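Here's the letter readout for the chains.
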2 protein chains.
Amino acid sequence: MTVRLYDTRSQELRDLVPREPGRVGMYVCGPTVQSSPHIGHLRSALVYDLWRRWLGYRGYEVDFVRNVTDIEDKILANASPPEAWRAHAYRVEREFTSGYESLGILPPTYEPRATGYIPQMHELIARLIDAGHAYVAADSSGDVYFDVKTWPAYGELTRQKLDDMADSPDAPTRGKRDARDFALWKGAKPEEPASASWPSPWGAGRPGWHIECSAMARAELGPAFDIHGGGLDLRFPHHENELAQSTAAGEGFATHWVHNGLVTIEGQKMSKSLGNSVYAAELLSESRPIVVRYYLAGAHYRSSIDYHEGALVEAEAAFSRIEGFLGRADARLAGIEHGAVPGIVPDAFGEAMDDDLGVPQALAVLHETVRAGNVALEAGELAEAARLRESVLAMTGVLGIDPRDPAWGDRGDGVAGAALGSLVERMLEDRTRARAAKDFAASDRIRDELAAAGIAIEDTPDGPVWSLGG
Amino acid sequence: MTVRLYDTRSQELRDLVPREPGRVGMYVCGPTVQSSPHIGHLRSALVYDLWRRWLGYRGYEVDFVRNVTDIEDKILANASPPEAWRAHAYRVEREFTSGYESLGILPPTYEPRATGYIPQMHELIARLIDAGHAYVAADSSGDVYFDVKTWPAYGELTRQKLDDMADSPDAPTRGKRDARDFALWKGAKPEEPASASWPSPWGAGRPGWHIECSAMARAELGPAFDIHGGGLDLRFPHHENELAQSTAAGEGFATHWVHNGLVTIEGQKMSKSLGNSVYAAELLSESRPIVVRYYLAGAHYRSSIDYHEGALVEAEAAFSRIEGFLGRADARLAGIEHGAVPGIVPDAFGEAMDDDLGVPQALAVLHETVRAGNVALEAGELAEAARLRESVLAMTGVLGIDPRDPAWGDRGDGVAGAALGSLVERMLEDRTRARAAKDFAASDRIRDELAAAGIAIEDTPDGPVWSLGG
């Protein structure tokens, strides 16, 4: 029952040993709210939602912090009049929130915005300057840089030697001591809006990207915490720089580093120039949100996912096997209440999840249980079927793919859906009675009424089945 | 076509003359996220949503800022382990967001959190100290106070003389020059969490409530802007203090002050001790969100609303007259597309809204139009009926109560709601025909089918009206 995770820094599987027994502090890099969320953003957020849910299932109190980077070069570049940069960032932040909600990604314990931590960034930067690891640029830019040569451990996260590293792209080189030094504070530029500039001991300006996360993680989880997560593309320079800054400032920072794999589109990297980005809204229009979640959760979190046409159709087919069993079980087990049998995940499921969040293996256990449940239903072994139903619900619950969770239902059904279902079922009963009485005028009338409302009826051996729209 | 509003400061109706032609900057005091939203919070947010929509309809670009006060005495008091104060505030913030969304209240252009503006507050406080209008407390508290006696205009918003004012409740009096002085900065206290304390030129601490809004309004709308709004209960001391601080710091601040009336419960003030608070979640479980919106929007924004049992039933009946017309019109006007006739609000509606947002008068015009539309349908004057349908939709659109707006559909109606509406209307027509043919068995059967699905029918002079639930 020990949770193990692959720690990027040590490059090995490690037991999770939280600093405070029973409590896990976890910081995850959230989006820079510059443009609409795409499939890669959703996947990354979902990975850490699964981590968090599993740690919760294992009894940990999880302090889960995922930030919003709301000040950055690209936000200023993408905001265009009459929309101010703040409004742009806020609108995009809401798009992310909505995408997360659609996929059942739980809200974090706290979601700090970078602009809310300017004083804390100043404090960290001042400490770095005092310790000799940062300096004010020699030109008049007002920039402050981290001095990579003063920090021998620089490169430890990604196992790079300083000599092998490329120049830092995030600031001009004039005034820098070394081209690989990165900006902690960026002096204000005349072409940037005044509202994107804060006073500082080093002159007006705005924070560098990396210091934002160091300051937010410290403020919300303390100078040392358990897990730092983010996409694989953030390992360098972002996470390397976070680690260097925070440790050079004398802090423990993260015990473990976890990185999730990226999403490619039919074998290619998503990019604006290729125009192949799959945005959250498109993905969610392709299939039901619960199926999209099932699909994105299904690969191991460290693997990359290659999204291709038809991927969601396959996921729909696989997920509907789970739903099908639950539907059949409910129809047959009418006398056996939910919860009458304790719902716990099978040992093999737990072992798979404990082993670096092995969702693919865990899903295999889930599908095996579904098959066994169908067999039990066929054989009329109802006590066994009820037990397996609760086991399936325990697994779908912790994976966030329980089809009965009202969170899924709230998006599209609700009161009107319930009334419609009741009304249609009642009318179909009337129709069956009318047909039995050979009153075909009445049965045709009911069919026509339903058809006019966009409701199709199909007669099956199990009786009439209705569907909406199409 | 000039919009007029009742300006609390001048105590008279005034023409809105924006500082920049065609563009209105509006700051509204949002919630202190200490506990769940109640009916009064929803009403206040809805009032400014209506203002914003109407100004938008009149062609203004509206910069609409509504803040979140996320650091305050009560937040620290209400947060309890293991939940940190930030997490508490964030959770309550999400409850507010969800309540707003349920009622179709549009997200603001930007929604600043107070904790994101500490440097801007410092800057304002420093200016007030320099100008001689604020001082560091004479004790060792680390508090900074606004010196009300140095500002002769203090009291102008609420027309009070300094001598008539009560002592400021928000800080102890030791170290104050005058008991009515109010805190701009509150020195850190040992019993408060370190994360709720920021360094400042006057020692570690946290901001006073009033300076937060002055700093956020300035940062997002500039030193002078058009409209400041909030609940009537915020006029004193909150708005009086905001005005004093900002003007004493040399800023123009708001041209107009607008205040909305409060909500009482069966004649009594809502209060924790009376236990009579009606929370957003309860209210929204009483009726459909669109009906709750119709109800809360229906009173004039400056009137108080007395919520009582049955209020939403009345609102449901009134609103369903609008829906009933639209449903019948769609059934009869199958050949006439929406938008074939331009949808503009009647002059009388526009005049009512221009006159200090006269929603009650505007709703009277809406209901008159519905009646005229029903008459046109009865008389078979389909072109006129189509014109009136578009007029009704223009009015429901700008009031945010268009039943076809997909935003409502996402929360419980949507495809199922449309199908239900279509099916029910069709069945009601069958019932009317059956009654005309004196086939009472058929008309009773239809009534019973609908009743079994939870749909009630009421016969009115305008024809049958149906409603869901109850």
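Residues numbered from 1 in each chain as written. Chains lettered and ligands numbered in written order. Predicted model: local features only at pLDDT ≥ 70, side-chain atom pairs only at ≥ 80, totals over all residues.

A. Structural view of the pairing of strand 2 (residues 12–15) of chain A. Residue and element names in this part refer to chain A. In the sheet, strand 1 (residues 4–7) pairs with strand 2 via four bridges, with the strands oriented antiparallel. Its bridge partner being in strand 2, Leu5 is matched across the sheet by Arg14. Linking two consecutive strands that pair antiparallel, namely strand 1 and strand 2, is a turn of four residues; a positive phi of about 55° is found at Gln11 within it. (Pairing = 2+ DSSP bridges. Helix = DSSP H or I, 4+ residues; strand = E, 2+ residues; numbered from the N terminus.)

B. Main features of the nonpolar core. Among the nonpolar cores identified, the biggest contains 237 residues, and Leu184 of chain A together with Leu184 of chain B are the most heavily contacted of them. With residues near it in sequence (within four places) discarded, Leu184 of chain A still touches Ile125, Leu128, Ala134, Val144, Tyr145, Phe146, Gly208 and Ile211 of chain A. (Core = buried A, V, L, I, M, F, W, Y, C linked by C-beta atoms within 7 Å. Buried ≥ 20, exposed ≤ 12 C-beta atoms within 10 Å, placed from the backbone. Contact = placed C-beta atoms within 7 Å.)

C. Structural view of the sheet that holds strand 8 (residues 205–207) of chain B. Residues and elements named next belong to chain B. Reading across from one edge, 5-6-7-8 is the order of the four strands in this open sheet, with antiparallel pairing throughout. Edge positions in the open sheet fall to strand 5 (134–136) and strand 8, since each of these has one partner strand only. If you compare each strand with its neighbour and ignore which way they point, the axes differ by 20° on average. (Axes fitted to C-alpha atoms, helices over the stretch in contact; angles between N-to-C directions.)

D. Quick peek at the packing of helix 9 (residues 311–332) of chain B against helix 12 (residues 382–399) of chain B. All names here are of chain B. Taken N-terminus to C-terminus, the directions of helix 9 and helix 12 make an angle of 140°; their axes are 10 Å apart at the nearest point. By the angle between their directions, the pair helix 9 and helix 12 is classed as oblique. The two elements helix 9 and helix 12 meet at a crossing, and its hand is left-handed. For the pair helix 9 and helix 12, the contacting residues are Ile322, Phe325, Leu326, Ala329 and Arg332 in the first and Leu382, Ala385, Arg389, Val392 and Thr396 in the second. Here the contact of helix 9 with helix 12 is built from residues that sort into seven nonpolar, one polar and two charged. (Parallel < 35°, antiparallel > 145°, perpendicular 65-115°, else oblique. Left-handed = near helix turned anticlockwise from the far one by under 90°. Nonpolar A, V, L, I, M, F, W, Y, C, P; charged D, E, K, R; others polar.)

E. View of helix 1 (residues 39–57) of chain B. Residue and element names in this part refer to chain B. Here helix 1 is 19 residues long and its end C-alpha atoms lie 26 Å apart, about the 27 Å a rise of 1.5 Å per residue gives. When you tally the buried positions in helix 1, you get 17 out of 19 residues, the bulk of the element. Backbone geometry just downstream of helix 1 places Gly59 in the positive-phi region, at approximately 95°. (Expected span 1.5 Å × (residues − 1).)

F. Focus on the domain arrangement of chain A. Residues and elements named next belong to chain A. When cut into domains, chain A gives domain 1 (4–260), domain 2 (283–409) and domain 3 (414–468). One C-alpha centre belongs to domain 1, the other to domain 2; they are set 35 Å apart. Elements with a minimum of two residues in the side of domain 1 that touches domain 2: strand 1 and helix 1 (39–57). Broken down by element, the side of domain 1 that touches domain 2 gets its largest block of residues, eleven residues, from helix 1. Each residue belonging to the side of domain 1 that touches domain 2 can be placed in one class, and the counts come to twelve nonpolar, three polar and four charged. (Domains from an automatic or database assignment.)

G. A look at the packing of helix 11 (residues 359–378) of chain B against helix 12 of chain B. Residues and elements named next belong to chain B. With their axes 9 Å apart at the nearest point, helix 11 and helix 12 run at an angle of 155° to one another. One way to sum up the angle between helix 11 and helix 12 is to call them roughly antiparallel. Where helix 11 crosses over helix 12, the two elements pack in a sense that is left-handed. Contacts from Leu366, Thr369, Val370, Ala372, Gly373, Ala376 and Leu377 of helix 11 reach helix 12 at Glu384, Ala385, Leu388, Arg389, Ser391, Val392 and Met395. Grouping the constituent residues of the contact of helix 11 with helix 12 by class yields nine nonpolar, three polar and two charged.

H. Expanded view of unusual backbone geometry. Residue and element names in this part refer to chain A. Residue Pro82 is reached from Pro81 by a cis peptide bond, and omega for that bond is 5°. Structurally, Pro82 can be placed in the loop between helix 2 (73–78) and helix 3 (85–102). Although it is not a glycine, Glu266 adopts a positive phi angle of roughly 45°. If you trace the backbone, Glu266 turns up in the loop between strand 11 (263–265) and strand 12 (268–269).

I. Molecular detail of the sheet that holds strand 4 (residues 61–66) of chain B. Residues and elements named next belong to chain B. Taken in spatial order, the four strands of this open sheet run 4-3-9-10, and their pairing is parallel. The strands lining the two open edges of the sheet, one partner per strand, are strand 4 and strand 10 (253–260). Taken pair by pair, the neighbouring strands of this sheet meet at an average axis angle of 25°, ignoring direction. Alignment of strand 9 (residues 224–231) against strand 10, held across seven bridges, turns out to be parallel. If you follow Phe225 over to strand 10, its bridge partner there is Ala254. Across the face of the sheet, helix 1 comes into contact with strand 3 (23–28), strand 4, strand 9 and strand 10 while running at roughly 165° to strand 4. Along the sheet, helix 5 (residues 209–221) makes contact with strand 3, strand 4 and strand 9, crossing strand 4 at roughly 150°.

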